[in-house]
Amino acid sequence: MNKEDIRVLILRAPGTNCDLEAVRSFRELGPQVDLIHTQKMFKDKNLEDYDVLLFPGGFSYGDYVRSGAIWAKECEYRIGKELSEFVDEGKPLIGICNGFQQLVEMGFLPGWKGKSLYPEAALGNSTHGYQNRWIRMRYEGKGNCDMMGGLEEGFILQCPVAHGEGRFILPPDQREELLQRLYDLDMMVWRYVREDGSYAENDWPENPNGAYHDVAGICNPEGNVLGLMPHPERAFYGYLMPEWTKQSTPPEHGDGYPFFKSIVDYVEKNF
Amino acid sequence: MKFKAFVYVTLKSGYSDPEGDTTADALKGLGYSVNKVRASKAYEVYFEGKDKEQAKALIEEMCRRLLTNPTKDDYRFELSEQ
C-alpha cells in the first residue's frame, strides 16, 4: 500500500484534545487523515474504510464515572462489532492518554484472551495529582508490537504527559503473575525512565503518576492494539521539544516523529 | 417492578487515594483532628426489573460493566422497591 493510500481515522468526542496534533503528525507523513466526531461514526459505522484508528487524549465526557469510561461503553454498544472486526483484521488501533484509558475500559487492553467484558487493568488516580510535564519513556518492545517495529529496543522518547488518572494498575492479587505475562507475551512497550535511560523505579517525577513497574504503554497479545499515557504527537516537530532554543535552530522533527513514522511505515509495508 | 439502588464505589484497600489524602490535609488545616479520609463515589440508580432477584443481578452487572473498574474498585449497594 502506498503511503498516500493509507487512511487514518482519528475520532473525537466532547472533551478530547490533541486530535489536531495527531492529524497533523500523520498527514505530514503522507496518509489521508480523517478527523471525525464519534457521533458521526456511530451513525455511519464505516470503520472498514480505514487502515489505522487512533483515539486521542483529553477528558472525554468530562471524565465522568472514570476517565474514558463513558466513551468506551458508548463505543462498545454503538460500534463494538465494527471495532472488534477492525482489531481482528490486525489493523493498528492506538490510544493515547484518554485513548489508552478508553482501550482499557473497553477491554481491548490488556486483552489477555481477546477483548474482555470487564476492564482487566486500570489507569487510576495519579499519586501526585494532575501531572503536566515532560517525561522520557523507553521502548521495551521486542517485535510483537509490529507498528513500533521501526524503533530499536531501548529507543528513548521524550514527550509530555498531561493527566490526572494515568497510574497503570493490575489486579493486586495477580500483579506479579500478570506483569510476567506482559513480558512473556511481549506486551510491555513503553516504560518511564530517567534522563540517563535507567528505569524510573517509581520515583517522581520521572514516573509521573506512580504507574506500577513504570509502565507507560502496553499492547495486546497480538500486538496491534497499543495504548500509552504520554503524548508523542505533542513532540512531533523539533520546535516543540523543550530545549531546542539551546541550539541555533530547532531540528526539523522531535522525538514523536519516529513514533508516527513507524506506524505509517508498518502499514505501508504490510497492508 | 421499579427499583432504586444506592451504589457506593470505593477504592480497594491498599490503593493510594490522592483525593482522600488531599481532603484530609484540608480538614486538618481547618483545625479538625482527622486521621484519614478515603474518597468514594455514590450513585442512585432508578431502574426496572422483574423481581428483586433479577434487580439484584442487574445492578451487580451495571456495577461491574460501568460504575466500577473491578481492578481497583470495590462496591456495595442498597436495593429498594419504589
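Residues numbered from 1 in each chain as written. Chains lettered and ligands numbered in written order. Predicted model: local features only at pLDDT ≥ 70, side-chain atom pairs only at ≥ 80, totals over all residues.

### Focus: the overall build of chain A
Argument step 1. Along its length, chain A carries 6 helices and 13 strands.
Argument step 2. Over its C-alpha trace chain A gives a radius of gyration of 17 Å, about what one expects of a compact globule, namely 18 Å for 271 residues.
Argument step 3. Seen along its three principal axes, the alpha-carbon backbone of chain A occupies a region of about 50 × 45 × 35 Å.
Argument step 4. Across the 271 residues of chain A, 53% fall into the buried class.
Argument step 5. Within chain A, counting contacts between residues at least 6 apart in sequence, those at least 24 apart form 74% of the total. (Helix = DSSP H or I, 4+ residues; strand = E, 2+ residues; numbered from the N terminus. Rg over C-alpha atoms; globule rule 2.2 N^0.38 Å. Buried ≥ 20, exposed ≤ 12 C-beta atoms within 10 Å, placed from the backbone. Contact = placed C-beta atoms within 7 Å.)

### Observations regarding unusual backbone geometry
Residue and element names in this part refer to chain A.
Argument step 1. In this model, Leu109 is joined to Pro110 through a cis peptide bond whose omega is -5°.
Argument step 2. Residue placement: Pro110 occurs in the loop between helix H4 (98-106) and strand S7 (122-125).
Argument step 3. Positive phi is not limited to glycine here, since Asn202 has a value of about 70°.
Argument step 4. Relative to the assigned elements, Asn202 resides in the loop between strand S11 (188-193) and strand S12 (215-219).
Argument step 5. When the 15 C-beta atoms within 10 Å are taken as the criterion, Asn202 is described as partly exposed.
Argument step 6. Even without a glycine there, the phi angle at His213 is positive, about 60°.

### Some words on the interface of chain A and chain B
Argument step 1. Between chain A and chain B, the residue contacts involve 18 residues of the former and 15 residues of the latter.
Argument step 2. Every element with two or more residues in the side of chain A that touches chain B is listed here: helix H3 (69-88) and S7 of chain A.
Argument step 3. Examining the composition of the side of chain A that touches chain B, we find that 3 residues originate from one element, S7(A), more than from any other.
Argument step 4. By residue class, the composition of the side of chain A that touches chain B is 9 nonpolar, 6 polar and 3 charged. (Nonpolar A, V, L, I, M, F, W, Y, C, P; charged D, E, K, R; others polar.)

### Brief notes about the sheet that holds strand S2 (residues 40-48) of chain B
All names here are of chain B.
Argument step 1. Pairing is antiparallel in the open sheet, where 3 strands are placed in the order S2-S1-S3. Of all strands in the sheet, those with a lone pairing partner are S2 and strand S3 (73-81), marking the two edges. On average, adjacent strands in this sheet sit at an angle of 20° to one another, irrespective of strand direction.
Argument step 2. Judged from the 9 bridges that link them, strand S1 (residues 2-11) and S3 form a sheet pairing that is antiparallel. Along S3, the bridge assignment pairs Ala5 with Leu79.
Argument step 3. Against the sheet, helix H2 (residues 52-67) contacts S1, S2 and S3, and its axis sits at roughly 150° relative to S3. (Pairing = 2+ DSSP bridges. Axes fitted to C-alpha atoms, helices over the stretch in contact; angles between N-to-C directions.)

### Description of the confidence of the model for chain B
Argument step 1. Of all residues in chain B, 100% attain a pLDDT of 70 or more, and the chain-wide mean is 95.
Argument step 2. The complex model carries a pTM of 0.95, and its ipTM stands at 0.88. (pLDDT = per-residue confidence, 0-100.)

### Regarding helix H5 (residues 175-184) of chain A
Argument step 1. H5(A) sits mainly on the outside: 1 of its 10 residues count as buried.
Argument step 2. After H5(A) finishes, the residue Asp186(A) shows a positive phi value of roughly 55°.

### Here we look at the pairing of strand S13 (residues 225-228) of chain A
Residues and elements named next belong to chain A.
Argument step 1. Going residue by residue along S13, you find Val225 and Gly227 tucked away on one face and Leu226 and Leu228 tucked away on the opposite face as well.
Argument step 2. Two elements, S12 and S13, share 3 bridges in a ladder whose sense is antiparallel. In the strand pairing of S13, Gly217 is matched with Leu228.
Argument step 3. Connecting S12 to the antiparallel partner S13 that follows it, the hairpin turn spans 5 residues, and Gly223 within it adopts a positive phi of roughly 90°.

### Digging into the packing of H3(A) against H4(A)
Residue and element names in this part refer to chain A.
Argument step 1. One can describe the packing of H3 onto H4 by two numbers: an axis separation of 8 Å at closest approach and a directional angle of 55°. Classed by the angle they form, the pair H3 and H4 counts as oblique. The chirality of how H3 crosses H4 is right-handed. Here Ala69, Trp71, Ala72, Cys75 and Glu76 of H3 lie close against H4, whose contacting residues are Gln102, Glu105 and Met106. (Parallel < 35°, antiparallel > 145°, perpendicular 65-115°, else oblique. Left-handed = near helix turned anticlockwise from the far one by under 90°.)

### With respect to the sheet that holds strand S8 (residues 131-139) of chain A
All names here are of chain A.
Argument step 1. Strand order in the open sheet made by the 9 strands is S3-S1-S4-S6-S13-S12-S11-S8-S9, with mixed pairing throughout. Every other strand in the sheet has two partners, leaving strand S3 (32-37) and strand S9 (156-163) as the edge strands with one partner each. The average undirected angle you get between the axes of adjacent strands in this sheet is 20°.
Argument step 2. As defined by bridge partners, strand S1 (residues 7-12) adjoins S3 across 6 bridges and the pair is classed as parallel. Across the sheet, Arg12 pairs through a bridge with His37, a residue of S3.

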